[in-house]
Amino acid sequence: MCPYSAISQVGIGTVTPDQSAILDISSTTGGLLLPRMNETQRDGISNPSIGLLIYLIEGNQQCLQVYNGTSWENIYCPTTNTVPSATNVSVSGTLNVSEIITAAYAYQDAESDIEDVSLYQWYRSDDASGTNEIAITGATSLNYTVSVTDDGKYLSFGVTPIAVTGALTGMEVKSNYVGAVGVVSNATARINEFHYDNAGTDVNEFVEIRISGNLGSQPADLSQYTVSLYNGSDQSFYLTVTLDSLTQTCDASNCYYVWDSIAIQNGAPDGIALSGPSGLVEFVSYEGTFTAGNGIASGVLSVNVGVFESSTTNANGAIEKSLAGVWSVSANSNTKGTENSL
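Residues numbered from 1 in each chain as written. Predicted model: local features only at pLDDT ≥ 70, side-chain atom pairs only at ≥ 80, totals over all residues. Heavy atoms only, no water.

Draft legend 1. Focus on the side chain of S156. Inspection of the secondary structure puts S156 in strand β12 (residues 154–160). A distance of 2.9 Å separates a polar atom in the side chain of S156 from the backbone oxygen of S175. Every residue in contact with S156, bar those within four places of it in the chain, is listed here: Q121, W122, Y123, K174, S175, N176 and Y177. (Helix = DSSP H or I, 4+ residues; strand = E, 2+ residues; numbered from the N terminus. Polar contact = N/O pair within 3.5 Å; in protein donor to acceptor, adjacent residues only side chain to side chain. Contact = heavy atoms within 4.5 Å.)

Below, the structure is given as structure tokens:
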């Protein structure tokens, strides 16, 4: 009797098993099911061979395991732990070149896994919708120094939350885009002219703000400038607006922003406040003084312009500030939108 051996491949679900495999299983409707057992059953295997595979189910623990010659080693253990998340992602600070802006977010994890070193990334785009978005090279911390390259652009911050334990890496969450970035302007803003009272029914009431410099040198973000009208009787503001919503006219030296078609109170006293990117610029009043109780001038005592209009003032008149900063009444005509006449 002669011994005989043969080498061949076995195919299950295929008649052409791969030549490199002793067993080739092919299926689109089922999978390979390994022996499933608990630790007691696993440890009852006599003389397990190196490379022996089982699927361990022990209480809530499940692991694909292999015997390495001395012990059972986990290959993969599925987890029901959820990945961490980031919420309330935001950016704060002054959006001017060379300014430092800061991102903030709230880290959350359903299983209370603590935060590890999460990943940060700043982005730049052409508009608030994220058009032509790019990741800014090297901008990977909570703080970012706005660069010249960002001028006129919009910025966003993204965070990928990472946990120390459990399911480690969450999805990146980005803030809304903020902008546009501007260049710090040396322009000087001031309350320049206003009209609040006249003979008969009050008409043509307005406030004019002047910012020095021609059109090309005006601040990039006029929404950082706010005008508020104050009622002296309760020290509270009753109307407010930002310069980006006002009518703008410019000459070679200045630009003028006119808040028109408004009902300004007649005193006494009442006031007007102007704030800019760095805070309050000016708080003036007419027919007396008072301390503002809220808003952009909160806690500040007004400066009386020293002149006033009355029920006999011409409807086209105004109170104007001279180049030297002195207030005077222009009895019969105003110059809103242009250089003052006084």
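Draft legend 2. Inspection of the nonpolar core at higher detail. With 27 residues, the main nonpolar core has F194, V207, V227 and L243 as its most contacted residues. Where this core is concerned, the elements lending two or more residues are β15 (189–195), β16 (206–212), β17 (226–231), β20 (254–260), β21 (270–276) and β22 (279–286). Contact partners of F194, with chain neighbours within four places excluded, come to F206, V207, I272, Y286, V305, E309, A318, I319 and W327. Within the second largest apolar cluster, 17 residues are counted, among which are A86, I101, W122 and V146. (Core = buried A, V, L, I, M, F, W, Y, C linked by side-chain atoms within 4.5 Å. Buried < 20%, exposed > 50% of the residue type's maximum accessible area, 1.4 Å probe, protein only.)

Draft legend 3. Molecular detail of the sheet that holds strand β11 (residues 143–145). If you trace the three strands from one edge of the open sheet to the other, you get β7-β8-β11, paired in antiparallel fashion. In this open sheet, the two edge strands, each paired with only one partner strand, are β7 (85–92) and β11. On average, adjacent strands in this sheet sit at an angle of 20° to one another, irrespective of strand direction. As defined by bridge partners, β7 adjoins strand β8 (residues 100–108) across six bridges and the pair is classed as antiparallel. Paired with S92 across the strands is T102, a residue of β8. (Pairing = 2+ DSSP bridges. Axes fitted to C-alpha atoms, helices over the stretch in contact; angles between N-to-C directions.)

Draft legend 4. How the structure looks around unusual backbone geometry. For the bond from G179 to A180, the omega torsion is 5°, close enough to zero to count as cis. Non-glycine residue S112 carries a positive phi angle of around 65°. Residue class for S112 comes out exposed when judged on its relative accessible area of 61%. Although it is not a glycine, Q235 adopts a positive phi angle of roughly 60°. Position of Q235 among the secondary structure elements: in the loop between β17 and β18 (236–242).

Draft legend 5. Representation of the environment of S118 within the structure. You can see S118 is positioned in the loop between β8 and β9 (119–125). Judged by its relative accessible area of 7%, S118 falls in the buried class. Sequence separation of S118 and F283 is 165 residues, and the distance between their C-alpha atoms is 45 Å. Contact partners of S118, with chain neighbours within four places excluded, come to Y105, V159, T160, P161 and I162.

Draft legend 6. Focus on the sheet that holds strand β4 (residues 53–58). Ordered in space as β3-β4-β5-β6, the four strands form an open sheet in which the pairing is mixed. Edge strands, defined here as strands with exactly one partner in the open sheet, are β3 (36–37) and β6 (72–76). Here β3 runs beside β4; their pairing, made up of two bridges, is parallel. From the neighbouring strand, R36 faces β4, where its bridge partner is Y55.

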